[in-house]
Structures are given as C-alpha cells and as structure tokens.
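Residues per chain, in single letters:
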Amino acid sequence: MSTIEVKNPDGTAGRSVELPGEIFAQQVNIPLMHQVVIAQQAAGRQGTHATKTRGQVRGGGKKPYRQKGTGRARQGSIRAPQFTGGGTVHGPQPRDYTQRTPKKMKAAALRGALSDRANHGRVHVISEFLPEDVTTKRTQTALKALHQITTARRVLVVLAHADQHNRLALRNVPEVHILNATQVNTYDVLRSDDVIFTESGYEEFLAHAAGASKGKEDEQ
C-alpha cells in the first residue's frame, strides 16, 4: 500500500493518504479493459436508426406498366428496391446494442485503469479547488489550483456528490471532465491523462468501493 500527498490549492503538500493496493496496485489487464470500454460505448448508443422497407415506403400501389409485351422485365411497384425512392433491403433497424458485462469484470477493469494511472504518477488528491468563502472569480481560482497539479489536456476530476461549490467552478472548463465519486468508470479514467480527487471525493470513492466489495462477498 502506497501513499500520496494531499495538495493544497496553492500547490503545497498537506497530509498524506493511502492508496489501497486492492484498488491502485492491481495487474493491468488490457484485453479486459478493452472489452469493458467497448461494452460501455455500445450501451451509450441510441439504436434509433431505421430505414424503410418496400412495404413502408409511401406510394407504388399501381403497377408501373403491363406484365407482358413491353420487352422489359416485369415490375409490380416503383417502390421496389431497384427503383429510386424504393425501399431498402436489409437496412439498419432499431436495435439495442447493450452488451452484458458482469459486475466483477467492470470492477476489475476499473481497478486496472486506476492502477495504470497510479503507476505513472497520474493520480492526485487535492484538499479542494475552491474555498467555500470564495464567491468571485471562482473558475479562475479553481483553474489556478488545478494548474498547480497538472497542465494535462484531459483531466478527470472526481468530486463528492454534495460538492456543488467545486462543481460550479469547474463545469465550463474544456479540459476538465467532472464525475461524482460513485460514477468513476474505466472509460473516463482511460481517456483522461490525469485523475484528480478532491479529499472528500476520494473518501467517498473509497467508501463506495468498499461497499461494492462487501456486497460481492455477501453474494458469494
């Protein structure tokens, strides 16, 4: 079990917190993380794409020309697939792209992603980005604290669920993606260069992870 310093908004080091080995020091399984990320992206697809078959295209009820004697192939409708404006053969139809991913796989992939970031020194903890008494220039103040830790192009900030003060200060920053402590997932960790927890968000994340682990043990 390793430790990490909790940074203050001015960049100075405060106390240290532990990084539990069962979360931040696990083996990185790339195929597993890939499978979980693909499943998460697939679950986000709406699946509302649709094309019309010849039975759904409007018009075409009249036979375009007589059956015999024209020298042309027989046709029953101008809405057949070979005609412009006709139906589509085997086109996309509404469907559910959701893939079944066991909870244990999701948890293991998340542990692997966090371990990878921790191994490269990309997991940080800050006491807070913005003191409660600051009411003006909140985004500027929060950005100054953020840049004391990292200047990465993509940063995942993990906040406690009730922390609206820091959320409002950082919500419009393009390089920052904000998640609640209970929403941390493999995809968002991997697409971010650095992961920054607020101290309250880190404690809430560990409590949530411990609760999930206890639930699995009870199921077994």
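Structure's up top.
What counts and what doesn't
Residues numbered from 1 in each chain as written. Predicted model: local features only at pLDDT ≥ 70, side-chain atom pairs only at ≥ 80, totals over all residues. Heavy atoms only, no water. Helix = DSSP H or I, 4+ residues; strand = E, 2+ residues; numbered from the N terminus. Expected span 1.5 Å × (residues − 1). Buried < 20%, exposed > 50% of the residue type's maximum accessible area, 1.4 Å probe, protein only. Contact = heavy atoms within 4.5 Å. Pairing = 2+ DSSP bridges. Right-handed = clockwise from strand over helix to strand, strands pointing away.

(A) A look at helix α2 (residues 30-43). In this model, α2 (14 residues) spans 20 Å end to end at C-alpha, consistent with the 20 Å of a helix rising 1.5 Å per residue. Those residues of α2 lying buried are Leu 32, Met 33, Val 36, Val 37, Ala 39 and Ala 42. Against α3 (103-119) and α6 (186-190) lie the buried residues of α2.

(B) Structural detail: the pairing of strand β4 (residues 155-159). Burial analysis of β4 places 5 of its 5 residues in the buried class, the great majority of the element. Of the pairings in the sheet, the one linking β4 to strand β5 (residues 176-180) comprises 5 bridges and is parallel in character. Bridging across to β5, Val 158 finds its partner in Leu 179. Tracing the backbone out of β4, into helix α5 (residues 164-170) and back to the parallel element β5 gives a crossover that is right-handed. Sheet topology note: the β4/strand β6 (residues 194-198) ladder contains 4 bridges and is parallel.

(C) Looking closely at the environment of Ala 209. With respect to the helices and strands, Ala 209 occurs in helix α7 (residues 199-219). Note on Ala 209: relative accessible area 18%, which makes it buried. Distance from Ala 209 to Leu 32, taken between C-alpha atoms, is 19 Å for residues 177 residues apart in sequence.

(D) Geometry of the environment of Val 17. Considering the arrangement of structural elements, one finds Val 17 in strand β2 (residues 13-19). C-alpha of Val 17 to C-alpha of Thr 51: the two residues are 34 residues apart in sequence and 55 Å apart in space. Here Val 17 is in contact with Ser 2, Thr 3, Ile 4, Val 6, Val 125 and Tyr 202, once residues within four sequence places are set aside.

(E) Structural context of the pairing of β6. With 5 of its 5 residues buried, β6 lies for the most part within the structure. Burial along β6 is two-sided: Asp 194, Ile 196 and Thr 198 and Val 195 and Phe 197, pointing in opposite directions, are all buried. Pairing of strand β3 (residues 123-126) with β6 involves 4 bridges; the strand directions are parallel. By the bridge assignment for β6, His 124 is matched with Ile 196.

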